[in-house]
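# Fold and contact review
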Amino acid sequence: MFKGYWVLFYTIEKLVNAIGYNTYLAVNFKKKTSPALNSSSLLIYSLIDYNIEYINIPNVIETFIRISFIIILCKFNYEIKFKDMLKSIAIYWIIIYQSIRIFSETVLIKLTLSYTDINGIQIYTGETYISGEIHTLQILIFKSMLISLVMLLYKQYKDKTEVDKSHIKFMVIPIATNLICLLLFFRNTALEKNNDALNYLNSVMIPLLIFISNVCLFYLFDKSIKSYKLKLENRSLRDSIAKDYNYYLEIQKEQEKVRKINHDIKNHMICIRAMSEAKDEKLLDYIDNIESKIIDFNSSYNFNSGNMILDSILSNKKSICVENNIKFDVSVNFSKSDFIDMADVCSMFANLIDNAIEANLNIYSDNLEKEIVLKSAYISEVCVIKIENNKENQVLSKNSNFITTKKDKYAHGIGLKNVREIVNKYNGETVVDYTETRFIVKILIPLRK
């Protein structure tokens, strides 16, 4: 086979190995480069890894150079600690990669050995009818397909998205079928004694076409997952817009109440004056009736944060807490934060309080009180928001993002992510802390002059 073909095959094999390692890093650590830079660095590493084998240096130095370039690849593309980096190298290159390599070589050696029948017992002769080049190529292709399949399944396992099981089934079945067909083809090739040019070409092209077919399947499956995530994001966005609309309706209702009171107050004053001049005995009853209406209004709108939208949100969430026996302690001053868009105020506080309510609804112990504490104040030209809530559920995290324990993990796990994005929009900072029974979110947003 032409030397150029082997350069291509070995480079592709190195690239598949690098992509597999990159997949492991992507699902466990935060990426810091663009997709284009990430892909370019993987290709460069693959070319370097291929050429290292042809440098006449001791194996120890060769291994050291490889590890050094892997470390550079990690630090360039991901936010990762050195300890975690060494752990990732051990897990992927020593455990996953070496296991797949040994398995592939063992299976294909067994399949490509010829055998003879002695007294009805099949005995391996240790001979093979395929050339060393074809055997090497078969191992490269089969090993690359296994690495791709294993890392795809690993990515799906680590991803918290609840993908329809039928998607996985329709993906795994054709890939597994391709692998089985490939193994049968390898075995048939080993038993076929015809080594003409056409058979030689088939031994190269058929495995290569099956490999390309699987690559296309991997691509389609990954697109399917991304499409599903996008649908969930759109659904979450629609739910958020619906919430915002309901809050605005609540604000309009409260404003209507205020206008009604302002309109009626003049008439009330005229009546009070007339009843006072006539020394009407029902004057006190009339005043008591007005006071009761004012008390009723204040009981449903008893927040004065300095922001009408926030007041409406707090009123709405307070009623939910009362219905579910959740203690809702609020001390909020948000009067200097007019520079924050109304939609952002709504989304930020609604998500924070909704998460706290959700955690409290999952408390079933009689020894732990259902409680939410929300405070906001201004300290040294910084708006400080702090919300605490009791909890019993386990806190899950991935790449510094917190994930709900609900079944629909992705859809319900973006609440705090949205809060972070809003805070970052205003050059703020979000700090999250938690204990076994307490979850705390602190937000710092600098004031604009």
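Residues numbered from 1 in each chain as written. Predicted model: local features only at pLDDT ≥ 70, side-chain atom pairs only at ≥ 80, totals over all residues. Heavy atoms only, no water.

## Description of the overall build of the protein chain
- Check the secondary structure of the protein chain and you find 12 helices and 11 strands.
- Every one of the 449 residues in the protein chain was classed for burial, and the buried ones make up 40%.
- Sequence separation of at least 24 residues holds for 71% of the intrachain contacts in the protein chain that already meet a minimum separation of 6. (Helix = DSSP H or I, 4+ residues; strand = E, 2+ residues; numbered from the N terminus. Buried < 20%, exposed > 50% of the residue type's maximum accessible area, 1.4 Å probe, protein only. Contact = heavy atoms within 4.5 Å.)

## Let's talk about the packing of helix α10 (residues 342-361) against helix α12 (residues 415-425)
- In the contact formed by α10 and α12, the axes pass within 9 Å of each other and the chain directions differ by 145°. Like other packed secondary-structure pairs, α10 and α12 cross with a definite hand, here left-handed. Residues Asp344, Ser347, Met348, Asn351, Leu352 and Asn355 of α10 lie in contact with α12, whose contacting residues are Gly415, Leu416, Asn418, Val419, Ile422, Val423 and Lys425.
- For the contact of α10 with α12, the residue count by class is six nonpolar, five polar and two charged. (Axes fitted to C-alpha atoms, helices over the stretch in contact; angles between N-to-C directions. Left-handed = near helix turned anticlockwise from the far one by under 90°. Nonpolar A, V, L, I, M, F, W, Y, C, P; charged D, E, K, R; others polar.)

## A closer look at the nonpolar core
- Core analysis: the largest hydrophobic core is formed by 43 residues, its most contacted members being Tyr21, Leu25, Tyr92 and Trp93.
- Broken down by secondary-structure element, the contributors of at least two residues to this core are α1 (3-28), α2 (35-52), α3 (59-77), α4 (82-112), α5 (132-158), α6 (165-191) and α7 (197-277).
- With 11 residues, the single largest contributor to this core is α5.
- Ignoring sequence-local partners within four residues, the contact set of Leu25 consists of Cys74, Tyr78, Ile80 and Ser88. (Core = buried A, V, L, I, M, F, W, Y, C linked by side-chain atoms within 4.5 Å.)

## Re the side chain of Asp354
- Among the secondary structure elements, Asp354 is positioned in helix α10.
- With relative accessibility at 18%, the residue Asp354 sits in the buried group.
- Within the structure, the side chain of Asp354 is placed 2.6 Å from the side chain of Lys317, a separation counted as a polar contact. (Polar contact = N/O pair within 3.5 Å; in protein donor to acceptor, adjacent residues only side chain to side chain.)

## A look at the sheet that holds strand β10 (residues 429-434)
- Taking strand neighbours across the sheet as the criterion, the five strands line up as β5-β6-β7-β11-β10 in an open arrangement whose pairing is mixed. Two strands in the sheet have a free side with no partner beyond their single neighbour: β5 (327-332) and β10. Each adjacent strand pair in this sheet contributes to an overall mean axis angle of 10°, direction not counted.
- One ladder, built from eight bridges, connects strand β6 (residues 371-379) with strand β7 (residues 382-390); its direction is antiparallel. Among the inter-strand pairings, Tyr378 is bridged to a residue of β7, identified as Cys383.
- Packing of helix α9 (residues 308-323) onto the sheet brings it into contact with β5 and β6, and relative to β5 it is tilted by some 165°.
- Where α10 meets the sheet, it contacts β5, β6, β7 and β11 (438-446), and its direction lies at approximately 20° from that of β7. (Pairing = 2+ DSSP bridges.)

## Considering the confidence of the model for the protein chain
- Overall, the prediction assigns the protein chain a mean pLDDT of 77, with 72% of residues at 70 or greater.
- For the stretch residues 114-126, pLDDT sits under 50, and the model shows 21 contacts to residues farther than four places along the chain or on other chains.
- Contacts for the low-pLDDT stretch residues 407-412, under 50 throughout, to residues beyond four places or in other chains number 18 contacts. (pLDDT = per-residue confidence, 0-100.)

## Remarks on α9
- Helix length check: α9, at 16 residues, gives a terminal C-alpha distance of 23 Å against a target of 22 Å (1.5 Å per residue), a fit within 8%.
- At the N-terminal boundary of α9, the capping side chain belongs to Asn307, with an oxygen 3.0 Å from the backbone nitrogen of Leu310.
- Just downstream of α9, Asn325 is the residue with a positive phi angle, here 60°. (Expected span 1.5 Å × (residues − 1).)

## Comments concerning unusual backbone geometry
- Positive phi, normally seen in glycine, also occurs at Glu381, with a value near 60°.
- Along the chain, the position of Glu381 falls in the loop between β6 and β7.
- Here the phi dihedral of Asn427 falls at roughly 60°; this positive angle occurs in a residue that is not glycine.
- Locating Asn427 in the fold gives a position in the loop between α12 and β10.

## Some words on the pattern of salt bridges
- What the rule picks out here adds up to 12 salt bridges.
- A salt bridge links Lys14 to Asp49, with the shortest nitrogen-to-oxygen separation between them at 3.8 Å. Of the two residues, Lys14 is situated in helix α1 and Asp49 in helix α2; the sequence distance between them amounts to 35 residues.
- Residue class for Asp49 comes out buried when judged on its relative accessible area of 4%.
- Residue Lys386 pairs with Glu388 through a salt bridge whose shortest N-O separation is 3.6 Å.
- Relative accessible area serves as the criterion here: at 31%, Lys386 is assigned to the partly exposed category.
- The exposure class assigned to Glu388 is buried, which follows from its relative accessible area of 17%.
- Linked by salt bridges that have partners in common, Lys327, Glu371, Lys386, Glu388 and Arg438 make up one network. (Salt bridge = Lys/Arg side-chain N within 4 Å of Asp/Glu carboxyl O.)

## Regarding the packing of aromatic side chains
- If you walk through the whole model with that rule in mind, you get nine aromatic pairs.
- A ring pair is formed by Tyr21 and Trp93, whose centres lie 5.6 Å apart and whose planes are at 50°; its orientation type is tilted. Separated by 72 residues along the polypeptide, Tyr21 in helix α1 and Trp93 in helix α4 bring together distant segments of the chain.
- Judged by its relative accessible area of 0%, Tyr21 falls in the buried class.
- An aromatic cluster is present here, built from Tyr21, Tyr92, Trp93 and Tyr97 joined pairwise through their rings.
- Here the basic side chain of Lys336 rests over the ring of Tyr378, its NZ or CZ set 5.4 Å away from the ring centre. (Phe/Tyr/Trp six-rings, centres within 6.5 Å; stacked < 30°, edge-to-face > 60°. Lys NZ or Arg CZ within 6 Å of the ring centre and 35° of its normal.)

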